[in-house]
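Working through the structure, step by step
So the chains spell out like this:
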Amino acid sequence: MSAEDLEKYETEMELKLYREYRDVVGLFKFVIETERRFYLTNDYDMQVHSVQGEVFFEVSMADAWVWDMYRPARFVKQVRVLTFKDVNIEELNKSDLELPGG
């Protein structure tokens, strides 16, 4: 497989993933972004922990969708993320998801 073939394959996979995201985003209330993944969920719990002066975040999600083109199944029943990096949580505004003129 050439580098060009690999790039074409990855581009096709990203496009397929974007289309799936576009189809499911309206089902969810929150976007959660960590340094490694991007999630859609309707329910989450975030805890901030401090151990020996180090702060880390624990984010638990139920019935989530994960942006990961290498996963065969992107819907997951339970997710638990532990990270020392920033966690960004945004509530989706349903009007932002509607197409103009629709």
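Preceding this section is the structure that the text describes.
Residues numbered from 1 in each chain as written. Predicted model: local features only at pLDDT ≥ 70, side-chain atom pairs only at ≥ 80, totals over all residues. Heavy atoms only, no water.

Moving on: a nonpolar patch on the surface. A contiguous nonpolar surface patch, about 310 Å² in accessible area, is contributed by Tyr 44, Met 46, Val 48 and Val 55. On the secondary structure map, Tyr 44 appears in strand β3 (residues 43-51). Relative accessible area serves as the criterion here: at 31%, Tyr 44 is assigned to the partly exposed category. (Patch = residues over 30% accessible without salt bridge, like charges linked within 9 Å, V, L, I, M, F, W, Y side chains within 5 Å. Areas by Shrake-Rupley, 256 points an atom, 1.4 Å probe, with all protein chains shown as cover. Salt bridge = Lys/Arg side-chain N within 4 Å of Asp/Glu carboxyl O. Helix = DSSP H or I, 4+ residues; strand = E, 2+ residues; numbered from the N terminus. Buried < 20%, exposed > 50% of the residue type's maximum accessible area, 1.4 Å probe, protein only.)

Relative to strand β2 (residues 38-41), strand β1 (residues 30-33) runs antiparallel, the two being bridged by four bridges. When the bridges of β2 are listed, Ile 32 appears paired with Tyr 39. Between the end of β1 and the start of β2, which pair antiparallel, lie four residues. Where β1 lies against strand β6 (residues 88-91), four bridges are found, and the strand directions are antiparallel. From the neighbouring strand, Val 31 faces β6, where its bridge partner is Glu 90. (Pairing = 2+ DSSP bridges.)

Scope: geometric values only; no functional claims are made or implied.
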